Each structure stands twice: as structure tokens, then as C-alpha cells.
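Survey of secondary and tertiary structure
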Amino acid sequence: KNVGLHHLALKVADKEILHAIFERLQQYPGVTIDSPPAPMSAGSDVYHFLCFMPGGVRLEFATPRS
């Protein structure tokens, strides 16, 4: 049912950078946080968070869990 870009995933170097991006985006007008930084699923090696940028595109920022 989705036509066009509805999700963009970006890899970041580590958890520290992931949290810095999260903190900054929380303060940005028009950004809606969909989920805070957490493992992608139970036991996952990927740590991530999701947000919606102004305009509605969903962004995912992810890093290997360490």
C-alpha cells in the first residue's frame, strides 16, 4: 500500500553517536520520535531508533550493539 519512499535507514558508527543524534533530533521542531534507542528486537545485534522527519518520511538510525 506504500508507494514511494516511506522509510530510510542510516548506519551510524556506535551507540554514543546514536544517542547524540537522538538527543539532538528530540529538540528539532517538527520531528516526531517513533521509538527511542533500543535493541531492534530481543537478542538483536542491532541497536536503533526511529523518528518521522518533517514531511512524514520515517528515518531509522542504527548501529551494531556493543
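That block above? That's the structure.
Residues numbered from 1 in each chain as written. Predicted model: local features only at pLDDT ≥ 70, side-chain atom pairs only at ≥ 80, totals over all residues. Heavy atoms only, no water.

Bringing the pattern of salt bridges into the picture now. Pairing between side chains of opposite charge can happen when the charged atoms of each approach one another. By the definition in use, this model includes 1 salt bridge. For arginine 58, the salt bridge goes to aspartate 34, with nearest N and O atoms at 2.4 Å. In this pair, arginine 58 sits in strand E4 (residues 58–64) while aspartate 34 sits in strand E2 (residues 32–39), placing the two residues 24 residues apart along the sequence. What makes aspartate 34 partly exposed here is its relative accessible area of 37%. (Salt bridge = Lys/Arg side-chain N within 4 Å of Asp/Glu carboxyl O. Helix = DSSP H or I, 4+ residues; strand = E, 2+ residues; numbered from the N terminus. Buried < 20%, exposed > 50% of the residue type's maximum accessible area, 1.4 Å probe, protein only.)

Per the counting criterion, the structure on display carries 2 aromatic pairs. Ring geometry for phenylalanine 22 against phenylalanine 49: centres 5.1 Å apart, planes inclined by 75°, an arrangement best described as edge-to-face. One end of the pair, phenylalanine 22, is in helix H1 (residues 15–27); the other, phenylalanine 49, is in strand E3 (residues 46–52), with 27 residues separating them in the sequence. As far as the burial class goes, phenylalanine 22 and phenylalanine 49 line up, both buried. Ring geometry for phenylalanine 49 against phenylalanine 61: centres 5.2 Å apart, planes inclined by 20°, an arrangement best described as stacked. On the criterion of sequence distance, the pair formed by phenylalanine 49 in strand E3 and phenylalanine 61 in strand E4 is long-range, its members being 12 residues apart. For phenylalanine 49, a relative accessible area of 0% gives the class buried. Taken together, the aromatic side chains of Phe22, Phe49 and Phe61 make up a single cluster linked through ring pairs. Across from the ring centre of tyrosine 47, 4.2 Å away, lies the NZ or CZ of lysine 15, which sits over that ring. (Phe/Tyr/Trp six-rings, centres within 6.5 Å; stacked < 30°, edge-to-face > 60°. Lys NZ or Arg CZ within 6 Å of the ring centre and 35° of its normal.)

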